[in-house]
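Survey of secondary and tertiary structure
Here is how the chains run, residue by residue.
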Amino acid sequence: MSPQRTFQFRLRSSHAAPDRATEGLVVEFLTDSGQWEPQQLSLTMPGFRIYLIALLLCQHVYLVANAREKAIPLQQVEADFVVTTSSDWIIDSVDGDFRIRLDANASAQERNLADADAIAYMQERMKLCPISRNLPESVHKRIDLTALS
């Protein structure tokens, strides 16, 4: 078995009322030296890293869009995203842990919209992101979504 490569990212975004648009989006990459480095897309960034960031951001866009569709009072999104590849850069697995924090100023009725069924719906919808859907069936894909209180 050939050695694997591991790519780790984390994401944070804010979503203020009333429109819950994405603000303050930060994507960080864990460097070989163990430091988290903010990512700014550029022509000098390795193409494979751009692809992985696109995969992460596609999940995020679907999460935010579906939260908006369900009228969930999203305040913040945090995610840990790990992709492993073979030594020749073929993706073996994608593991994403997404956490949402609801707006504490929203009414109890609004906050209750983020029930287990809504979270499960949003999690399934995230898997429909076109970039994820274009990964081969052989790739292990795990996307989890949790609502934090």
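Above this note sits the structure.
How each quantity is defined
- Residues numbered from 1 in each chain as written.
- Predicted model: local features only at pLDDT ≥ 70, side-chain atom pairs only at ≥ 80, totals over all residues.
- Heavy atoms only, no water.
- Core = buried A, V, L, I, M, F, W, Y, C linked by side-chain atoms within 4.5 Å.
- Buried < 20%, exposed > 50% of the residue type's maximum accessible area, 1.4 Å probe, protein only.
- Helix = DSSP H or I, 4+ residues; strand = E, 2+ residues; numbered from the N terminus.
- Contact = heavy atoms within 4.5 Å.
- Salt bridge = Lys/Arg side-chain N within 4 Å of Asp/Glu carboxyl O.

1. Examining the nonpolar core
Grouped together as the largest cluster of nonpolar side chains are 33 residues, with contacts concentrated most on Phe-9, Leu-63, Phe-81, Val-94, Phe-98, Ile-100 and Leu-145. The element contributing the most residues to this core is helix 1 (residues 47–69), with seven residues. Beyond its immediate stretch of four places on either side in the chain, Phe-81 contacts Phe-7, Gln-8, Phe-9, Leu-52, Leu-55, Leu-56, Gln-59, Val-94, Asp-95, Gly-96, Phe-98 and Ile-143.

2. Comments concerning the pattern of salt bridges
Tallied over the full model, the rule gives 10 salt bridges. Notably, a salt bridge pairs Arg-12 with Glu-28, separated by 3.3 Å at the nearest N-O pair. On the criterion of sequence distance, the pair formed by Arg-12 in strand 1 (residues 5–14) and Glu-28 in strand 2 (residues 23–30) is long-range, its members being 16 residues apart. Note that Lys-127 is salt-bridged to Glu-124, the shortest N-O span being 3.1 Å. With relative accessibility at 33%, the residue Lys-127 sits in the partly exposed group. When salt bridges with common partners are traced through the structure, they connect Asp-95, Asp-97, Arg-142 and Asp-144 into a single cluster.

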